[in-house]
Structure formats: structure tokens, C-alpha cells
Amino acid sequence: MQVCATVAEVRAARPNFATLGLVPTMGFLHEGHLSLVRASRAANAATAATLFVNPTQFGPNDDFGRYPRARERDLDLLSAAGCDLVFAPEVETMYPSGFETRIEIGGVTEGLEGSVRPGHFAGVATVVAKLFNIVQPTRAYFGQKDAQQVTVIRKLVRDLDMPVEVVVQPTVREADGLAMSSRNTYLTPEQRRDGLALWRALSSARALYEGGERSADRLRAAMAQPVAAIGATADYISIAHPLTLRELDVIGEDGALLSLAVRLGTTRLLDNILLP
Ligand code: AMP
């Protein structure tokens, strides 16, 4: 496995691979990330991962400074998973002085995470565009865990005619249902137990849907209960159209994206499922 820190090193290595899958990450890897590496390996001649905690997608009150980092452990995991190339740049490599470009995507960035984290998706879209230009992958792999991010990246690729196939993989969960996240490491044992409220909320709404309920308000109310039961506040509890991410009144033929974000102390947890 080759580890690159500069754009020139990646450019020099790229012709060695007929097809290349890219797994962009912020590191502190878990099974969710490794499932993306495995999916990429199954479909491409080679797989590249990036380790980069991107400062521009964090707001002033977000956790950039304390975001967990474990570079050597991450490199070991990627090597063991069969990754061929890792791009792990410094912030100055991605954003040298004089950097002044931002990709703003409308519509799908307005609700959900976008409503709570202004500027977050401009940071994501800009860094992903840079990573695509640097690595020039055939396919790029993202997790359903970050459902709105997937929608934003699909739109980025379509609107800017990027020659990349976007592949989405299911959310990997702990045995009890908690979605794996690098941020789970922040949780105290009590918060770890409370974190299950997100999975309970999604599961109870899904059960109602499977029983025939189509009123979005009644599903939102069902999702609110487990969150209220742990005394937490949700940033949002959403039943949205799976493509436009607009809030629904009634779930129709296209189904729905059920999502929520909950604060436990200073940690924000996200989760979602697609219906049907
Ligand atoms: P991150 O390092 O958190 O930016 O995540 C890097 C990629 O891994 C993103 O495409 C995430 O959606 C994906 N990912 C994170 N957690 C999970 C998970 N539990 N299951 C599947 N994919 C995930």
C-alpha cells in the first residue's frame, strides 16, 4: 500500500491502475469505512482511500479541534483491508494560501444537516470535488449513514459532469442497532445507551409504515417518543422525499427518507433509514 501526502505523488501513481475506487474518509476508521473499502475492491482493479479531517466542513462551534485522529491505526486497517493507495494530505496541501473557491449546491442542502450546519455542505462538496480531481477515481464509495451527503454528492457529480460513478453502501451498525460513527468514541457509557434512541425511533416509524401508516406527521410523532424518553433534544426529525429531501405530508410511491439528529451532551448523533 502506497501512502501519499502530496498531489504530485497521487498523480504519479494513478496510471498504475486501470480502474480505481475511491473511499473518502476523515479517518478514525471503523467497520462502516471498511465496508466501503471492501465494496470498492470487489468492483475495481485497485482501491484508494483518503484520510483528511476537512476543516472547511466544520462550523466554528463544531468539533474540528477534538475530532478523533489515529493515523497509524488507520493505515494498518486500510493495509489489512487490501487498500492499494492512501492519500493523507496536510491541511496546507489541500488549502494553500490563496485558496478561494467554494462549491455551493442549492435545494438539497437546505434542510436537515444543512439547516443546522450552515456552510457544511459547501465544505463537503468542495473537498470531494478536489479529491475527485486529484485521485481521478472510476467509482467513489459513500455510506448511506450520511444520507444527505450522498444526495449532495450525486448532485455535484451530475451538475458538474464529473466522470465518476457514485456508489452507496448500507449503514453498518453495532449489534444493538447504533450506527457506527467515529463520533461514538465521544459518548459516555450512559450516552452510549441513550444513543439507541435513534435506532428505536427509526424502527418504530418503520413498523408503523409497514402496518400501513402513511401520514408523515404520525411517523414523526412516533420518532419523537424515544428521543423524549431519554430527555434529549432532536435538531430535526424528518420524513422527507428520498430524492428532493423536501418534507412530506404523506408518504407516496417514491417512499421516504426517515432521518434524525440528536444531541447527547456535546455530541451529535445522526441516523436514517429509507422506506420502503
Ligand atoms: P467519515 O469519515 O465519517 O467522513 O465517513 C467517511 C465515509 O464513511 C462516508 O461516506 C460515510 O457515510 C461512511 N460511513 C460512516 N459511517 C458509516 C457506517 N456506519 N456505515 C456505512 N458507512 C459509513
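Caption draft 1: Seen up close, the overall build of the protein. The number of helices and strands found in the protein is 10 helices and nine strands. For the protein, the C-alpha atoms occupy an extent of roughly 55 × 40 × 40 Å along the three principal directions. Taken over 276 residues, the protein has a buried fraction of 54%. Intrachain contacts of the protein at a sequence separation of at least 6 include 71% that bridge at least 24 residues. Just so you have it, the protein exposes about 12800 Å², and 51% of that area is on carbon and sulfur atoms. Charged side chains in the protein number 28 positive and 31 negative. The centres of these two groups are separated by 2 Å.

Caption draft 2: Here's a closer look at the sheet that holds strand 7 (residues 233-240). On the basis of which strands lie adjacent, the open sheet formed by three strands has the order 7-8-9 and antiparallel pairing. Unpaired on one side and paired on the other, strand 7 and strand 9 (267-275) mark the two borders of the sheet. Ignoring which end each strand starts from, the neighbouring axes of this sheet average 10° apart. Relative to strand 8 (residues 256-264), strand 7 is paired through seven bridges, and the arrangement is antiparallel. Note that in strand 8 the partner of Thr233 across the bridge is Arg263. Lying on the sheet, helix 10 (residues 216-229) is in contact with strand 7 and strand 8; it crosses strand 7 at an angle near 150°.

Caption draft 3: View of the domain arrangement of the protein. You can read the domains of the protein as domain 1 (2-169) and domain 2 (182-275). Tallying the contact residues gives 20 residues for domain 1 and 22 residues for domain 2. Buried surface at the junction of domain 1 and domain 2, summed over both partners, amounts to about 1700 Å²; 52% is from carbon and sulfur atoms. By the criterion of area lost to domain 2, the three top residues of domain 1 are Arg66, Leu112 and Glu113, representing 34% of everything that side buries. Applying the counting rule to domain 1 against domain 2 returns two salt bridges. The closest approach of N and O atoms between Glu113 and Arg268, which form a salt bridge, is 2.9 Å. Among the elements of the structure, helix 5 (112-116) and helix 7 (147-159) are those that each provide at least two residues to the side of domain 1 that touches domain 2. Per-class residue counts for the side of domain 1 that touches domain 2 are eight nonpolar, six polar and six charged.

Cut-offs applied
Position labels on residues start from 1 in each chain and follow its written sequence. Per-residue local features of the predicted model are confined to residues with pLDDT of at least 70, and side-chain atom pairs are confined, for both listing and counting, to 80 or more; whole-chain, interface and lining totals are unaffected and use all residues. With hydrogens and water excluded, all non-hydrogen atoms of the structure serve as input to the side-chain values. Counting from the N terminus, the helices are DSSP H or I runs at least four residues long and the strands are E runs at least two residues long. Relative accessible area decides the class of each residue, using a 1.4 Å probe on protein chains only: under 20% of the type maximum gives buried, over 50% gives exposed, and in between gives partly exposed. When checking whether two residues touch, look at their non-hydrogen atoms; a contact exists if any pair is within 4.5 Å. Per-residue and other accessible areas were derived by the Shrake-Rupley procedure at a 1.4 Å probe size, with only the shown protein chains allowed to occlude residues. Working convention for charge: Lys and Arg count positive, Asp and Glu count negative, and His plus the chain ends are omitted. Note on charges: their place is set at NZ of Lys, CZ of Arg, CG of Asp or CD of Glu. The pairing criterion is simple: DSSP has to find at least two bridges between the two strands. Working convention: axes come from line fits to C-alpha atoms, limited for helices to the stretch in contact. Angles between N-to-C directions cover 0 to 180 degrees. Domain start and stop positions are those given by an automatic or database domain assignment. Note on terms: buried area is the combined drop in 1.4 Å-probe accessible area of two parts once they are placed together, counting the loss on both. Basic side-chain nitrogens of Lys or Arg form a salt bridge, by our definition, when they fall within 4 Å of a carboxyl oxygen of Asp or Glu. Each residue is assigned to one of three groups, with Ala, Val, Leu, Ile, Met, Phe, Trp, Tyr, Cys and Pro labelled nonpolar, Asp, Glu, Lys and Arg labelled charged, and all others, Gly among them, labelled polar.

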